[in-house]
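These are the residues of each chain, in order.
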Amino acid sequence: MKIGIYITGLGQTFVNETVENCAERLMNEISFQDTGIQYELKSENIIFFKSKSSTVVSIVEKGNNNVIYKIYDFKYEEILTEKFNNFPLILKSVWLFLLVIRKFPSLFGKLFNPNGFSHPFQAFYLLFIFLLISIAFILLLPVIIESLFFQNSNFIDDLINFKSNLFEYDIPCVSIYKIVSFLDSISNVIISFFAIFLLFFPNFNTLISNLATEFVCANDYLEYGIQSQRIQGNLEHLIEYISENECQCEIHIHAYSFGSIIAMDYLFPYGSKISVNTRSFCKGLISIGNPYEFVKSVYPRFFDGRLEQLKNDFFWINIYSSADPLASNFRNDSKIWESEYGLKNMIIKPLNLNYEVRPFFKFSFLDFLFLYGVKAHGMYWDSKSEGQSCLRDILFKMKQLGIL
C-alpha cells in the first residue's frame, strides 16, 4: 500500500490548505492520465496517539474500491504555537519587533555575500515589512497608557500641581504635562489610523497576531529546539500507527514550505538514530517550496551534524519555483538544472523539478515592491482543487521512478 503523509506549511490563517485538497488534486492528475477509470475520495478521522488525530483521505477506483493511494495529514501547528498563543497582541508585537531586529544583521550581510542564497533582497524586504508591522502595533502602547492613566481630569490636575511644586523648590524635572499632552494627541492619531485601516481589513489584528505567533514560534523551533521533540515525537507515533495498520506500507512524506523543515528534521535527525519503522517504511520525501537555503542563511548551524541513515532506495523529489525567494534549488546558482548538493555532507540529493506559473527571468521593481516572490511561494497550486498544480510534475516523476 502506497501511503502519503501530508505536512503543510505555516500561514494557514491566510490560506487554509487541507489534506482533502491535496488528495483531490492528486486524484485529478491520476484521472487525467487514465482512460475509462473513475476515481473518488473517501475520508475518515483516526486517533493515532492519545488525543492526536489525523484525517485520512483515500483515492479509490469507483466500482471495485481498489485504493490507489492514501494520504494522512500531520498537524503540527498547534503544538508549535501553543506556548505563545495566549500572549496578548501587544506583547506578541514587541516580541516580533525584537526578533526582527536581531535577525536584521544576518540577512543584511546576505545582500553583499549571498553564499548560495538566491533572493536575499526579497527576503530582507519581507523582514523589513515584518518590522513595520510590529512597530505599528507597538505604537498602540501610548494609546493604552493614555487610556489607563490620563483620562481622569483630576489625575491630570494633580500631576500639574505636582509639577508646579517641584519647580517652586527648583527641582529639575521633565514636564509631565507635556508628556500627557503628547500622549493624548498621538493616541487620537493612532486610533484614527487603526479605525480607518480596520474598516477595510476587519480581520487585520487576527492575521497579524497569528503571523507574529508563527514567525516567533518557528524561530524558537529553529534556534532553540522549542517544541521540536514533541512535534517529532508525534510524527513518530503517526508513522508507528501507519506501519501497524497498513499492510506492506510504503510511506512518502509530502511536505510544503515549513513542513519541509519538519520533515527533514525528522528524516535526517541531529545526534540520534531514526526508528526501525522509519528506516523500513519511509521511502521518500516530496518537498515543495522547501526553504532550506533561507533557514541555512539565517540559522547557519541548524543542519549541522545531521545523520544519514536512510537506505539507498530512498528518493527525494524537490519542487521549486525560480520566482519563489523561499524555495531552494539546492544549487550554488539560480539555474534550472539538477541539484548540486543535499543536506550538509550527505550523499542523498533531491531530484529537482522546476515549476513556474509564468515565465520568470528577473524581478521588475513593481514585482519586488508588491512581493511577487512571496506570492509565488503560494502558487504551486491554484486555490481551487480543480485548478492546475505542481502535482502533475510530481506524479510524472513518481511514475518514472516506479513509485506509483
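Our subject is the structure listed above.
Here we take up the layout of surface pockets. Estimates place the volume of the second largest pocket at around 630 Å³. Among the secondary structure elements, those contributing two or more residues to the lining of the second largest pocket are helix H8 (204-224), helix H9 (228-245) and helix H10 (258-267). In the lining of the second largest pocket, the residues fall into eleven nonpolar, seven polar and seven charged.

Now for the packing of aromatic side chains. Taken as a whole and judged by the stated rule, the model has 15 aromatic pairs. Between the aromatic rings of phenylalanine 268 and tryptophan 316, the centroid separation amounts to 6.0 Å while the plane-to-plane angle is 35°, which identifies the pairing as tilted. Taken together, the residues span a long stretch of sequence, with phenylalanine 268 in the loop between H10 and helix H11 (276-281) and tryptophan 316 in strand E7 (residues 315-320) at a distance of 48 residues. Ring centres 5.2 Å apart and planes at 75° place the aromatic pair tryptophan 316 and phenylalanine 330 in the edge-to-face group. A residue pair is termed long-range when its members are at least 10 positions apart, and tryptophan 316 in strand E7 and phenylalanine 330 in the loop between E7 and strand E8 (351-354) qualify at 14 residues.

This part takes up the pattern of salt bridges. On inspection of all chains with the given rule, the structure shows twelve salt bridges. Put simply, arginine 230 and glutamate 82 hold a salt bridge, and the shortest N to O gap is 2.2 Å. With arginine 230 in helix H9 and glutamate 82 in the loop between helix H2 (77-81) and helix H3 (89-110), this pair connects stretches of sequence that are 148 residues apart. Judged by relative accessible area, which is 35%, arginine 230 ranks as partly exposed. Two residues, lysine 283 and aspartate 313, come together in a salt bridge whose shortest N-O distance is 3.5 Å. Taken together, the residues span a long stretch of sequence, with lysine 283 in strand E6 (residues 282-288) and aspartate 313 in the loop between helix H12 (292-298) and E7 at a distance of 30 residues. One network of salt bridges, with partners in common, ties together Arg102, Lys103 and Glu223.

This next bit is on empty space enclosed by the protein. All told, the structure shown has two cavities of 30 Å³ or more when counted by the stated rule. The calculated volume of the largest cavity comes to roughly 90 Å³. Where the lining of the largest cavity is concerned, the elements lending two or more residues are helix H1 (19-33), strand E5 (250-256) and helix H15 (391-400). Split into classes, the residues belonging to the lining of the largest cavity amount to eleven nonpolar, one polar and no charged.

With that settled, the discussion passes to unusual backbone geometry. The phi dihedral of asparagine 65 falls on the positive side, at around 55°, and the residue is not glycine. Residue position: asparagine 65 is located in the loop between strand E3 (52-61) and strand E4 (67-73). What makes asparagine 65 partly exposed here is its relative accessible area of 47%. Its identity as a non-glycine residue notwithstanding, phenylalanine 330 has a phi of 50°, on the positive side. For phenylalanine 330, a relative accessible area of 0% translates into the label buried.

Attention now moves to the sheet that holds E5. Ordered in space as E2-E3-E4-E1-E5-E6-E7-E8, the eight strands form an open sheet in which the pairing is mixed. Edge strands, defined here as strands with exactly one partner in the open sheet, are strand E2 (39-49) and E8. Strand-to-strand twist across the sheet, computed as the mean angle between neighbouring axes with direction ignored, equals 20°. By the bridge criterion, four bridges tie E7 to E8 in an arrangement that is parallel. The residue of E8 that forms the bridge with asparagine 318 is asparagine 352. In the packing of H10 onto the sheet, the strands contacted are strand E1 (2-7), E5, E6 and E7, and the crossing angle to E5 comes to about 140°.

Definitions and limits used
- Residues numbered from 1 in each chain as written.
- Predicted model: local features only at pLDDT ≥ 70, side-chain atom pairs only at ≥ 80, totals over all residues.
- Heavy atoms only, no water.
- 1 Å grid on protein atoms, 1.4 Å probe; cavity = no way out; pocket = protein on both sides within 12 Å on 5 of 7 lines; lining within 4 Å.
- Points joined across faces, edges and corners; volume = space filled by probe spheres on them.
- Helix = DSSP H or I, 4+ residues; strand = E, 2+ residues; numbered from the N terminus.
- Nonpolar A, V, L, I, M, F, W, Y, C, P; charged D, E, K, R; others polar.
- Phe/Tyr/Trp six-rings, centres within 6.5 Å; stacked < 30°, edge-to-face > 60°.
- Salt bridge = Lys/Arg side-chain N within 4 Å of Asp/Glu carboxyl O.
- Buried < 20%, exposed > 50% of the residue type's maximum accessible area, 1.4 Å probe, protein only.
- Pairing = 2+ DSSP bridges.
- Axes fitted to C-alpha atoms, helices over the stretch in contact; angles between N-to-C directions.
- Contact = heavy atoms within 4.5 Å.

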